[in-house]
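# Reading the structure
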Amino acid sequence: ALPSFLHFFTPSTLNICTMRASRASLAILMAIASSASAFAPTKKFNTPSSTLLRATPATSSNFLTPELAQSCIEVASGTPLYAYSLDALSKSADACLAFPNAYGLTVRYAMKACPNGTILKYFLSRGICIDASSGYEVRRAMDMGVPAEKISLSSQELPQDFEELVKMGVKINCCSISQLERFGKAFANTSQKVGVRVNPGVGSGGFSSSTTGFSKTNVGGPSSSFGIWHEFVTDGTVPSIVEKYGLEVERIHTHIGSGSDPAIWQQTAKLSLSFCSIWDTVTTLNLGGGYKVGRNPDEKTTDLIEIGTPVADAFRDFAKEHGRELRMEIEPGTYLVANAGALVTTIQDKVSTKSSSGDSGHIFLKMDAGMTDVLRPSLYGAIHPITILPGSGKSEDVGNDVESVVVVGHCCESGDLMTPKPGEPEALEERSLRAAEIGDIAVMDGSGAYCAGMSTKNYNSFPESPEVLVTADGQVHLIRKRQDLKQIYENECDLPAGVI
C-alpha cells in the first residue's frame, strides 16, 4: 500500500500510473512516495521567535563595526548602500566547493541572488560556474567575462535567442514541454545535448505560519509551475519528444529546496536520481539549491558536509545499479551571498503614535531605504537582523539604552515594513534595538541575497543604491555607483506635438 501522505494523488490517478508505468516509472513513483512525507505541510517554520528579536542588541553587525560602516558610507557618498564582505564570500565559496560528491562536482552560483559583476568575477576566479534564470542574465554574465560554456540556463521564459546561446556553448535545461518542443524544432536530428528540469511532485518553502499546501517560496509540487511535471516524464510524453527530434538528454535538473535535514536530502537525491534512469545518455544530475542560511540568532545554517554525505552515497548506489557514474551539480545562491551582505542606511526620521497612557501605538524608525532596496520583508515576511550604530561612526558612542520600535522604509507604501511579525507577514512587530536618534546608522544584515538583485528600485523615483566590497583588511571599494535621477527616466519618450 502506498503511504497516505500522497494527498495529491487520487486512487484513480494512482491506478492509472501503476498500469502505465514501466519499471523505471514505478521506481520513481515509490521515490516520490518516500519523499512526500518529508515535505508534507507542517506548522513548524524556521523563523526567529519574538523573544529572541527582543534580546540585548549587538554593538556591531555581522561584519561592520561603526567605523567600517562609516568608511562604506564615505566611499559610497552617503546612504543607503549595500556592503559585501569578501572574507564571508570566500568562506561560503570554500564550503560549497567542499560539498561531498562521488564522481565530480560542479558548483553553479545562482546569479539572480546578487548579480553584481564583481561578485560574478570573484566566484569565477574560484572555479564556480553560473546558473542563469533568463537570457538577459546569460548575456550579463558573459559581458562580465564568464565563458558561455560555464553558464547553465533554467528559465521560466525561454529566450528568443536560445539557439544562438546554445551554439555559443550555453547549457539549457528545458523547463516545460513547450520549451522542449521549441528546442527540438531548432535542433532537430542533430543529437543536440539538452537538460530536462523535472518537477518531482514535492517541494518545500514558506515564511508564513498559516502556510499549508502552498507557499510563494515553493519550487516544487503541484502548486509550483517550475519544471516539467514528473508524470509527463514517466508516461512517455517527454521521451517521445526527445526521440522525435533526435535530442540527447545529458542532464536532469530538479530543485526542491530541501533545508538542512540529511535524511530529507538523501530522499531528495534518490528521487532525483530515479529520473536519470530513464535515459542512459544522462551524465549529470543537478540538484539545484535551497540550502538554508541562518540570518537570525535561532535560525540554523545548513551543514553542507552533513547533508552532502548521504547524497554522495546515493550517487554511488546509482552507479552500482545502473553502471553509470554521474557528475553532481549544485546551484547555491543564498548560501553563497546572504550573510556576506548588509544594507547600510540612515535613520532619517522617528515618529510616535503612542497614546498618553502608553497602552497603544508604536515608535517608528524610518530608514532612508526600504522595499526599494530590501523587498523580502514586504514580499513574504522575511526577518532580517537590524543593528543601530551611532551616526558618528565611533564605537565609543554606542549607547546602552534600548527601546522597542517598528522599523519602516521610506516609500509611500503601507507595505514598506522592515520588521514584520515572525510567521505573520501581514502583521508588524516591535524590535528591541539600541535607542536611535535621527542621523544614526541602521544596518540590516543578511542582505546579500535577493536584495540588490530583487529590489523595487525606482519606486517613488528613488534611485538604485550603490554597492561596495569590504576586504578582509578593512579596505572598501566601490563596485557600483549610485544611480542618477536622470537615469531613471532617460528612456522615456516625448509624444509628437499636438497629441496631448
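The structure presented is a predicted model; accordingly, all values stated were derived computationally and were not measured. Here the residue numbers are simple positions, counted from 1 along each chain's written sequence. Thresholds applied to this predicted model are a pLDDT of at least 70 for local features of residues and 80 or more for the giving and counting of side-chain atom pairs; totals over whole chains, interfaces and linings are not thresholded and use all residues. Hydrogens and water molecules were not included; the side-chain quantities draw on all heavy atoms of the structure.

### Section: the overall build of the protein
Helix and strand definitions follow DSSP, with helices as H or I runs of at least four residues and strands as E runs of at least two, each counted in order from the N terminus. Helix and strand counts for the protein come out as 16 helices and 20 strands. Three exposure classes are used, based on accessible area relative to the maximum for each residue type with a 1.4 Å probe and protein chains only: buried under 20%, partly exposed in between, and exposed over 50%. Counting the 500 residues in the protein, one finds 52% classified as buried. Any two residues whose heavy atoms approach within 4.5 Å at even a single point are treated as in contact. Contacts spanning at least 24 positions in sequence make up 72% of the contacts within the protein whose residues lie at least 6 apart. We get accessible surface area from the Shrake-Rupley algorithm with a probe of 1.4 Å; when it comes to residues, only the shown protein chains can shield them. When the accessible surface of the protein is totalled, it reaches about 21500 Å², and 50% of it is carbon and sulfur.

### A look at the nonpolar core
Buried residues of nine kinds, namely Ala, Val, Leu, Ile, Met, Phe, Trp, Tyr and Cys, make up a nonpolar core once their side-chain atoms join them within 4.5 Å. Core analysis: the biggest nonpolar cluster contains 97 residues, and Tyr109, Phe123, Ile130, Ile151, Phe183, Ile252 and Val337 have the highest contact counts within it. Apart from residues no more than four positions distant in its own chain, isoleucine 252 is found in contact with Val196, Val198, Ser272, Phe275, Cys276, Trp279, Val282, Thr284, Leu285 and Asn286. By size, the runner-up hydrophobic cluster in this structure holds 17 residues, among which are Ile73, Ala76, Leu81 and Val476.

### Section: the packing of helix H5 (residues 86-97) against helix H6 (residues 117-125)
Interaxial angle, 0 to 180 degrees, is taken between N-to-C directions of lines fitted to C-alpha atoms, where a helix line uses only the stretch in contact. Here H5 crosses H6 at 40°, and the two axes come no closer than 11 Å. By the angle class used here, H5 and H6 are oblique. Classified by chirality, the crossing of H6 by H5 is right-handed. From H5, Leu86, Leu89, Ser90 and Ala93 reach across to H6, where they touch Ile119, Tyr122 and Phe123. For this classification, the nonpolar set comprises Ala, Val, Leu, Ile, Met, Phe, Trp, Tyr, Cys and Pro, the charged set comprises Asp, Glu, Lys and Arg, and every other residue, Gly included, is treated as polar. Considering only residue class, the contact of H5 with H6 consists of six nonpolar, one polar and no charged. By the definition adopted for this analysis, an angle is roughly parallel if under 35 degrees, roughly antiparallel if over 145, roughly perpendicular if from 65 to 115, and oblique otherwise. Crossings are sorted by hand: turned counterclockwise from the far helix by less than a right angle, the near helix makes the crossing left-handed, and turned clockwise it makes it right-handed.

### Remarks on the packing of helix H12 (residues 262-276) against helix H13 (residues 304-322)
Interaxial distance between H12 and H13 falls to 8 Å at its minimum, and their mutual angle equals 30°. Accordingly, the angle class assigned to the pair H12 and H13 is roughly parallel. Handedness of the H12/H13 crossing: right-handed. Residue-level inspection shows Pro262, Trp265, Gln266, Ala269, Lys270, Leu273 and Cys276 of H12 in contact with H13, the latter providing Glu306, Ile307, Pro310, Val311, Ala314, Phe315 and Phe318. Its residues assigned to classes, the contact of H12 with H13 shows eleven nonpolar, one polar and two charged.

### Here's the deal with H13
In this model H13 runs 26 Å from its N-terminal to its C-terminal C-alpha over 19 residues, within 8% of the 27 Å that 1.5 Å per residue would give. Of the positions making up H13, those classed as buried are Leu304, Ile307, Gly308, Pro310, Val311, Ala312, Ala314, Phe315, Phe318 and Ala319. Here H13 starts with a cap whose side-chain oxygen sits 3.1 Å from the backbone nitrogen of isoleucine 305, and that cap is aspartate 303. Glycine 323, located one to two residues past H13, shows a positive phi value of around 75°. For a helix, the expected span equals 1.5 Å multiplied by the residue count minus one. We define a polar contact as two N or O atoms separated by no more than 3.5 Å, with the added condition that, inside protein, one atom must be a possible hydrogen donor and the other a possible acceptor, whereas residues neighbouring each other in sequence contribute only through side-chain atom pairs.

### Considering helix H9 (residues 177-186)
Every buried residue belonging to H9 is among Gln179, Leu180, Glu181, Phe183 and Gly184, and all of these are buried. The inward-facing, buried residues of H9 abut helix H8 (162-168), strand S5 (171-174), strand S6 (193-199) and helix H11 (237-245).

### A short note on the packing of aromatic side chains
For any pair of aromatic rings, the description consists of the separation of the ring centres together with the inter-plane angle of the planes. Here the aromatic set is Phe, Tyr and Trp, taking the six-membered ring for Trp, and pairing holds for ring centres within 6.5 Å; pairs whose planes are under 30 degrees apart are stacked, those over 60 apart are edge-to-face, and all others are tilted. Under the criterion given, the structure shown has five aromatic pairs. Here tyrosine 122 and phenylalanine 123 contribute two aromatic rings whose centre-to-centre distance is 5.7 Å and whose plane-to-plane angle is 50°, an arrangement assigned as tilted. On the accessibility criterion, tyrosine 122 (18% relative accessible area) is buried. A relative accessible area of 0% places phenylalanine 123 in the buried class. With a centroid separation of 5.0 Å and 40° between ring planes, the pair formed by phenylalanine 183 and phenylalanine 187 is classed as tilted. Members of the aromatic cluster, joined through ring pairs, are Tyr109, Tyr122 and Phe123.

### Regarding the environment of valine 238
Among the secondary structure elements, valine 238 is positioned in helix H11. Assessed through its relative accessible area of 0%, valine 238 is described here as buried. Remark: the alpha-carbon pair of valine 238 and leucine 180, spanning 58 residues in sequence, is separated by 8.2 Å.

### Re the pattern of salt bridges
Whenever Lys or Arg places a side-chain nitrogen within 4 Å of a carboxyl oxygen from Asp or Glu, that contact is recorded as a salt bridge. By the definition in use, this model includes 15 salt bridges. The partner of aspartate 161 in a salt bridge is arginine 139, with the nearest N and O atoms 2.9 Å apart. Within this pair, whereas aspartate 161 is found in the loop between strand S4 (151-154) and H8, its partner arginine 139 is found in helix H7 (residues 135-143), the two being separated by 22 residues in sequence. Under the relative-accessibility criterion, arginine 139 is labelled partly exposed at 27%.

### Let's talk about the pairing of strand S13 (residues 386-389)
Across a regular strand the side chains alternate sides, sitting on one face of the sheet and then on the other. Taking every second residue as pointing to the same face, both faces of S13 are buried, with Ile386 and Ile388 on one and Thr387 and Leu389 on the other. For two strands to pair, DSSP has to find at least two bridges joining them. By the bridge criterion, four bridges tie S13 to strand S18 (residues 441-445) in an arrangement that is antiparallel. Its bridge partner being in S18, leucine 389 is matched across the sheet by isoleucine 441.

### Thoughts on the state of the cysteines
When the sulfur atoms of two cysteines come within 2.5 Å, that pair is taken as a disulfide. This model, assessed by the stated rule, comprises zero disulfides. Cysteine 114 takes part in no disulfide bond, and the closest cysteine sulfur, belonging to cysteine 451, lies 8.6 Å away. Taking relative accessible area as the criterion, cysteine 114 reaches 0% and is therefore assigned buried.

### Overview of the side chain of threonine 471
Within the secondary structure layout, threonine 471 lies in the loop between strand S19 (467-470) and strand S20 (476-480). Side chain to side chain, threonine 471 and aspartate 473 meet in a polar contact 2.4 Å long. The residues touching threonine 471, leaving out its near neighbours within four places in the chain, are Leu86 and His477.

### So, the confidence of the model for the protein
In regions of low pLDDT, the predicted coordinates are not meant to be interpreted in detail. The pLDDT value tells you how sure the predictor is about a given residue, anywhere from 0 up to 100. This prediction gives the protein a mean pLDDT of 88; 84% of its residues lie at or above 70. Predicted confidence for residues 37-45 stays below pLDDT 50, and this span has 23 contacts to residues more than four positions away or in other chains. Within the model, the stretch residues 206-214 combines pLDDT values under 50 with 29 contacts to residues more than four positions away or in other chains.

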